[in-house]
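Each chain, written out:
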Amino acid sequence: MSAPGDDRAVEVEDLTRVYGQFVAVDRVTFSVRRQEVFGFLGPNGAGKTTTIRMLATLIKPDAGTARVLGHDIVTESDAVRAGVSLTGQLASVDEDLTGRENLVLIGRLLGLGRAAAKDRATELLDAFGLAEAAGKLVKHYSGGMRRRLDIAASIVVTPRVMFLDEPTTGLDPRSRGQVWEIIRALVAEGTPAQLKASVGSGSLRIRLINPEQRGEAEQILAREFGTVHLE
């Protein structure tokens, strides 16, 4: 396992989980460096979610070892949980609360004072492009907006390791791209303003084969993406 000064955030060796006669995870071994985005791929039923749940200390392995931030997931589970966050396949936010109320509530549950929780909620809503929808009930959010709020909720208190279980499942291509931009931006340290600048930057350049369709294309793209530049 890790030596002093090692930069690995997650170390997994022969991790195994069995349910009855079914082997859900069979001797999985891998490592993830700090400040690295690591993709864990496989078909449905391959054991991806089970592996993440073990690393997040929600379930115990039947064999093998794993360390997160240098802590054993079985014998030092409290220390692991103190440094990680988990965003599951389904949104964990409350649909009957507004976006702002969700983030403030989570902040309070994590020990922030009332003023600090409100300030942090405002920062994250702005950084994730949800400021205009902050006062709307989450039940009226689009899928992409809910997912962004879910990820924002995971960093109300900034974790050192984030586990994201299929974060773009069910999203349209545009929302999927926005979520991955946010995930890539989170790897770099910085303020919410820097996160917003990183996520919000970029442009879409389109060249039309038939110039006569320019007007129609501008209307469609402006409706879907906002500002566009056609050549």
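Everything numeric here is computed off the predicted structure, so don't read it as measured data. (Residues numbered from 1 in each chain as written. Predicted model: local features only at pLDDT ≥ 70, side-chain atom pairs only at ≥ 80, totals over all residues. Heavy atoms only, no water.)

*Asks:* Kindly report on the packing of helix α5 (residues 143–154) against helix α6 (residues 173–187), identifying the contributing residues and their values.
*Replies:* At a minimum axis distance of 9 Å, the contact between α5 and α6 shows a crossing angle of 15 degrees. Considered as vectors, α5 and α6 are oriented roughly parallel to each other. Considering only the axes of α5 and α6, their crossing is right-handed. Contacts between α5 and α6 involve G144, R147, R148 and I151 from the former and S175, Q178, V179, I182, I183 and L186 from the latter. Tallied by class, the residues present in the contact of α5 with α6 amount to five nonpolar, three polar and two charged. (Axes fitted to C-alpha atoms, helices over the stretch in contact; angles between N-to-C directions. Helix = DSSP H or I, 4+ residues; strand = E, 2+ residues; numbered from the N terminus. Parallel < 35°, antiparallel > 145°, perpendicular 65-115°, else oblique. Left-handed = near helix turned anticlockwise from the far one by under 90°. Contact = heavy atoms within 4.5 Å. Nonpolar A, V, L, I, M, F, W, Y, C, P; charged D, E, K, R; others polar.)

*Asks:* So, the environment of R33: which residues are in play, and what are the values?
*Replies:* Among the secondary structure elements, R33 is positioned in strand β2 (residues 22–33). For the pair R33 and D7, spaced 26 residues apart in sequence, the C-alpha to C-alpha distance is 5.6 Å. Aside from chain neighbours lying at most four places away, what touches R33 is D7, R8 and A9.

*Asks:* Tell me about the sheet that holds strand β4 (residues 71–72), residues and numbers included.
*Replies:* Strand order in the open sheet formed by four strands is β2-β1-β3-β4, and the pairing between neighbours is antiparallel. Strand pairing shows two members of the sheet lacking a second neighbour, β2 and β4, which therefore form its edges. Inspection of the sheet shows strand β3 (residues 63–68) paired to β4 by two bridges, in the antiparallel sense. Note that in β4 the partner of R67 across the bridge is D72. In this fold helix α1 (residues 48–55) packs onto β1 (8–19), β2 and β3, with an angle of close to 120 degrees to the strand it touches most, β1. (Pairing = 2+ DSSP bridges.)

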